[in-house]
Amino acid sequence: MAKTKKAQRLDELAALIRRCTLCPLWESRTRAVPGDGRYAAKVMIVGEAPGREEDESGKPFVGATGRFLDHVLEGTGLDRADFFITNTVKCRPPKNRTPRKPEVDTCTSNYLFEQMELVNPRLVMLLGAVAAKKILGVKSINEARGRVIERDGRKFLVGYHPAVRFYREDLGEKVREDFALLKREIRKLKK
Ligand code: URA
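Predicted model only: the values in this text are computed from it and were never measured.

Quick notes on the overall build of the chain
Next up, step 1: A count of helices and strands for the chain gives 8 helices and 6 strands.
Next up, step 2: N-terminal to C-terminal, the α/β element order of the chain is α-β-β-α-α-β-α-β-α-α-β-β-α-α.
Next up, step 3: In summary, the chain has a C-alpha radius of gyration of 15 Å against a globular reference of 16 Å for 191 residues, a match within 12%.
Next up, step 4: Once the C-alpha set of the chain is aligned to its principal axes, its extents read approximately 40 × 40 × 30 Å.
Next up, step 5: Relative to its 191 residues, the chain shows a buried fraction of 50%.
Next up, step 6: Of the contacts made within the chain by residues no fewer than 6 positions apart, 73% connect residues no fewer than 24 positions apart.

Details of the sheet that holds strand β1 (residues 36–37)
Note on sheets: strands pair through backbone hydrogen bonds, and any given pair is parallel or antiparallel.
Next up, step 1: Strand order in the open sheet formed by 6 strands is β1-β3-β2-β4-β6-β5, and the pairing between neighbours is mixed. A strand with exactly one partner marks an edge of an open sheet, and here the two such strands are β1 and β5 (149–151).
Next up, step 2: Here 5 bridges tie strand β2 (residues 43–47) to strand β3 (residues 83–87), and the two strands are oriented parallel to one another. In the strand pairing of β3, Val46 is matched with Thr86.
Next up, step 3: Set on the sheet, helix α5 (residues 129–136) makes contact with β2, β4 (123–127), β5 and β6 (154–159); between it and β4 the angle comes to about 130°.
Next up, step 4: This element, helix α8 (residues 171–190), spans β2, β3, β4 and β6 of the sheet and lies at about 170° to β4.

Structural notes on the state of the cysteines
Next up, step 1: In the structure shown here, the tally under the stated rule is 0 disulfides.
Next up, step 2: A disulfide-free cysteine, Cys107 has its sulfur positioned 6.5 Å from the sulfur of Cys23, the nearest such atom.
Next up, step 3: Judged by its relative accessible area of 9%, Cys107 is buried.

Regarding the site of the ligand
Next up, step 1: Neighbouring the ligand are Gly47, Glu48, Ala49, Glu54, Pro60, Phe61, Asn87 and His161.
Next up, step 2: Taking Asn87, its side chain carries an N or O atom lying 2.7 Å from a nitrogen atom of the ligand.
Next up, step 3: One of the side-chain nitrogen or oxygen atoms of His161 is found 2.7 Å away from an oxygen atom of the ligand.
Next up, step 4: Its residues assigned to classes, the shell around the ligand comprises 3 nonpolar, 3 polar and 2 charged.

Basis of the calculations
- Residues numbered from 1 in each chain as written.
- Predicted model: local features only at pLDDT ≥ 70, side-chain atom pairs only at ≥ 80, totals over all residues.
- Heavy atoms only, no water.
- Helix = DSSP H or I, 4+ residues; strand = E, 2+ residues; numbered from the N terminus.
- Rg over C-alpha atoms; globule rule 2.2 N^0.38 Å.
- Buried < 20%, exposed > 50% of the residue type's maximum accessible area, 1.4 Å probe, protein only.
- Contact = heavy atoms within 4.5 Å.
- Pairing = 2+ DSSP bridges.
- Axes fitted to C-alpha atoms, helices over the stretch in contact; angles between N-to-C directions.
- Disulfide = S-S within 2.5 Å.
- Near = heavy atom within 4 Å.
- Polar contact = N/O pair within 3.5 Å; in protein donor to acceptor, adjacent residues only side chain to side chain.
- Nonpolar A, V, L, I, M, F, W, Y, C, P; charged D, E, K, R; others polar.

Right, here's the structure in full:
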């Protein structure tokens, strides 16, 4: 089947991201990670930034955090193949530091916002404070977690970043709760 114009533009954006030099993160990356999944997904997941294994493979959420994400999705009965998954910034920050504001601003204004328009999801799950602050302007995860926020004709959910589980085991349960809410909201879309 021929690719739609939107799918073609998503591919073009991915190619631009792979050779992007608009912020300093390109200097230390192995591969940029544009994101992947369904071109016209109803649900988009936005994390923070690629980690080591993502940087090596060019794919989002394939390292330890990604494996935990897969485990949570499996437990919730959700299939990652139904989503479009990407990150706020597309290149790994050195030593996995938090991406800096100019990096986040450059990457979102050149890539993420257009990806979101093209995929045009009905629901966007923002994982972690970096994505939630940039996209919804909230001050903290807790301010936004556990409820649906409507913006520009889309629904947004904010959840803990799955990586929290590696430094606060008790928060692993909160991550499961966040995805249980995602599942409930997906069910509502189907009605
Ligand atoms: N953490 C993220 O935020 N994104 C990834 O792709 C992997 C780990």
